[in-house]
Amino acid sequence: MLNSLLNPYYLQIGMFVLINAILGISIYLTLATGQLSLGNAGFMSIGAYSSALLTIKLGLPVYLAIPTGGMASVLIALIIGFPALRLNGLYLAIATLGFGEVVRVIFLNLKITNGALGISGIPSLNVLTGNVLSALGLGDGFGGLSLQQISNCAVLLILFVILVLLLFFTRRLGFSRVGRAFAAIKADETAAQAMGINTTYFKILAFILGAFIAGVAGGLSAHLTFYIGPKDFDYHRTVEIFIFAVFGGSNLVWGPILGALLLTLLPEFLRAASDYRMMIYGAILVAMMAFRPLGLISEETVRFWRTKLGRRSSK
Amino acid sequence: MFWQQLVNGLTLGSTYSLIALGYTLIMGVLNIVNMAHGEIFMFGAFVGLLLVTHLKVNIFVAMLGAALTGAILGIILERVALRPLRRKAVSHLAPLISTIGVSIFLESVALKLFGPQSRDFPSSFTAAFEFGPMRISLVQIFILAVSFSLMLVLRFWLAKTKIGKALRATAENIETANLLGVNTNKIIVLTVSLASALGSVAGVLVGLSFNAVEPTMGITMGLKGLAVLILGGMGNITGAMLGGLILGIAEVFSVAYGNSSYRDAVAFGMIIVILFIRPQGLFGSRDQQGGK
């Protein structure tokens, strides 16, 4: 039973769900200040390429390469962040969309990134954890599970821990002075400024945090799939990340996570419909804006269920 | 060489201008960026292509057909994605999101209907003329003539006719226009379908000049149109026309004198720089919004 449940296919889907949930957090953080940045796929690709190249060319261990990839995204985010965040609303969305496109074209043409062919043979997390596990004496599997299954589970666990840490961090951030500042800027930037909040600083901070998490998610996904190419980080990727937040709701951090979970699982359950995935995504975006512009989970939903459940338990 | 590249740049740029005009009209009147414009453009290109190859009609009829398809798509877009949002007080990003939805929907529909491969127009305009050092093909002349005359007609129509004035009034201030007896709902539908029709015609022209029509062309060209929208200043019609020409010339020259593989980065490199120096665009003034 457990053996059939842990087949590579399910495990792979689980990994994608977790990666997408991490990406959901990344877009949530920039949206928390009310800034729509569509550059997440760009930051993701910077993280993915730096991490992949660092491990392949310099032989850096994966656990160092992935955070370094995240830092590379931060560096770029700092450079473009200061001028970009002077723009607001639509201008920022288009400028960041353009940024993603420029990054893609650069990766498509650099020699070191192997152009349109992309980079293959990236050290895989599965194999690495497998090596660690067999060094621990689990080489022949454990409890009826093969080594591959155990290492896949271990990777899944690692991703889950990263997600939980990020979630914890984001939740704590929300209740802190920084989180309050983000919310104030989102509600009314001018008023926030009048209250003495350094809006530029907090907007840049949110932007950088989002870029870091996107970069880390990119690094993780590169080491999960062994292969990355410029096509993995195009306009569609941006839309895909963005739709997690729109569908789930971007007011609470649970929104993008729920969005990532549902929208990654949906095409897998509807195998027949997977050809129509993009069509369904499009229809979802339009329908959400018309009927539930705040997404599935908003503060009101939480309040509604809280009072409803509270009443029931007191009866 | 220089003059030849200039002509090539103008030809390319005039199609960009046509695409950007669609964005600008909608931006001016509704104050939103229509992200589905690129896909309507792509549908226009396909309809034009199918009309020419299957029904063997002449190219003007094909463009008319494309324009009609574009207008119909525009009306549907307005009904489905824009009108429901106008009634409610939603964030100003909502229309952006719902038009992104329409755009990915249309793109995947096109992938299903037409397949991912690139198709080409039957070559009926291969003739070319020599003007001193330049060699201008019939296709180029055709593109220049069509796009410039469309732009001129549009300018005249906006400036002089009653509907054009109503459109500009709506762009200036939708409530006041409404009070003054302009049927703003009709004007909005008209604007969206007009913009989409222009985009579709541009699709046919681009299909002719690159000799390639494929479902993904909407994204690339749509993004270029967005770049022009920013370059010329949002909602500025003259800006869109000139911005398109500037972008076309810049691209062609970057290919001729620089590295051709970075061609697609030129547009966005340019707008990123422009946005940082002059966020209102090359031809926009800070408070300018209207379709003037």
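Conventions adopted
- Residues numbered from 1 in each chain as written.
- Chains lettered and ligands numbered in written order.
- Predicted model: local features only at pLDDT ≥ 70, side-chain atom pairs only at ≥ 80, totals over all residues.
- Heavy atoms only, no water.
- Helix = DSSP H or I, 4+ residues; strand = E, 2+ residues; numbered from the N terminus.
- Rg over C-alpha atoms; globule rule 2.2 N^0.38 Å.
- Contact = heavy atoms within 4.5 Å.
- Areas by Shrake-Rupley, 256 points an atom, 1.4 Å probe, with all protein chains shown as cover.
- Lys, Arg positive; Asp, Glu negative; His and termini not counted.
- Charge placed at Lys NZ, Arg CZ, Asp CG, Glu CD.
- Buried area = accessible area lost by both parts, 1.4 Å probe.
- Salt bridge = Lys/Arg side-chain N within 4 Å of Asp/Glu carboxyl O.
- Phe/Tyr/Trp six-rings, centres within 6.5 Å; stacked < 30°, edge-to-face > 60°.
- Buried < 20%, exposed > 50% of the residue type's maximum accessible area, 1.4 Å probe, protein only.
- Core = buried A, V, L, I, M, F, W, Y, C linked by side-chain atoms within 4.5 Å.

Asks: Mind laying out the overall build of chain A, listing which residues take part and the relevant values?
Replies: Within chain A one finds 14 helices and zero strands. In chain A, the order of α-helices and β-strands from amino to carboxyl end is α-α-α-α-α-α-α-α-α-α-α-α-α-α. On C-alpha atoms alone, chain A measures out to a radius of gyration of 20 Å, which is about the 20 Å that the 2.2 N^0.38 rule sets for 315 residues. On the principal axes, the C-alpha backbone points of chain A span a range of 60 × 60 × 40 Å. Taking all contacts inside chain A whose residues are at least 6 apart in sequence as the whole, residues at least 24 apart take part in 77%. Summing over all exposed atoms, chain A offers an accessible surface of approximately 14,500 Å²; the carbon and sulfur share of this is 68%. Distance between charge centroids for chain A: 9 Å, based on 21 positive and 11 negative side chains.

Asks: Before we move on, could you go through the overall build of chain B and cite the residues and values that matter?
Replies: Of the regular secondary structure elements, chain B holds eleven helices and two strands. Helices (α) and strands (β) of chain B occur, in sequence order from the N terminus, as α-α-α-α-β-β-α-α-α-α-α-α-α. Over its C-alpha trace chain B gives a radius of gyration of 18 Å, about what one expects of a compact globule, namely 19 Å for 292 residues. Expressed as lengths along the three principal axes of its C-alpha atoms, the size of chain B is roughly 55 × 45 × 35 Å.

Asks: Any chance you could break down the interface of chain A and chain B for me, citing the residues and the numbers?
Replies: Chain A puts 39 residues into the contact, and the matching count from chain B is 42 residues. Buried surface at the junction of chain A and chain B, both sides included, amounts to about 3,600 Å², of which 81% is carbon and sulfur. It is L90, Y91 and I94 of chain A in chain A that bury the most area against chain B; as a group they hold 19% of the surface buried on that side. Linking chain A with chain B are zero salt bridges, by the criterion used here.

Asks: An account of the environment of S250 of chain A is needed here, citing residue identities and associated values.
Replies: Here S250 of chain A is to be found in the loop between α11 (235-248) and α12 (254-269). In this view, S250 of chain A contacts Y28, L31, K186, A245 and L294 of chain A; residues no more than four positions away in its chain are not counted.

Asks: Just give me the short version of the packing of aromatic side chains, but keep the residues and values in it.
Replies: What the rule picks out here adds up to nine aromatic pairs over all chains. Note on Y49 of chain A and F233 of chain A: the rings are 6.4 Å apart at their centroids and 55 degrees apart in plane angle, and the pair reads as tilted. Taken as a pair, Y49 of chain A in helix α3 (residues 40-57) and F233 of chain A in the loop between α10 (199-225) and α11 lie far apart in primary sequence, 184 residues in all. Judged on exposure class, the residue Y49 of chain A and its partner F233 of chain A are both buried. A ring pair is formed by F60 of chain B and F142 of chain B, whose centres lie 5.3 Å apart and whose planes are at 75 degrees; its orientation type is edge-to-face. Of this pair, F60 of chain B sits in helix α3 (residues 59-87) while F142 of chain B sits in helix α5 (residues 138-160); the two residues are 82 residues apart in sequence, bridging distant segments of the chain. Residue classification places F142 of chain B among the buried residues on the basis of a relative accessible area of 11%. Site record: aromatic cluster; members linked through ring pairs are F43, F99 and F207 of chain A.

Asks: So what's going on with the nonpolar core? Residues and values would help.
Replies: With 188 residues, the main nonpolar core has I25, F43 and I228 of chain A together with L21, V33, L226 and M234 of chain B as its most contacted residues. Considering every element that reaches this core, the biggest residue donor is α10 of chain A, with 14 residues.

Asks: Tell me what's going on with the environment of I219 of chain B, and back it up with residues and numbers.
Replies: The topology assignment puts I219 of chain B in helix α9 (residues 217-232). Judged by relative accessible area, I219 of chain B falls into the buried class, the value being 14%. Residues I219 of chain B and F41 of chain B lie 178 residues apart in sequence; the distance between their C-alpha atoms is 9.6 Å. In this view, I219 of chain B contacts Y235 and H236 of chain A together with E39 and E107 of chain B; residues no more than four positions away in its chain are not counted.

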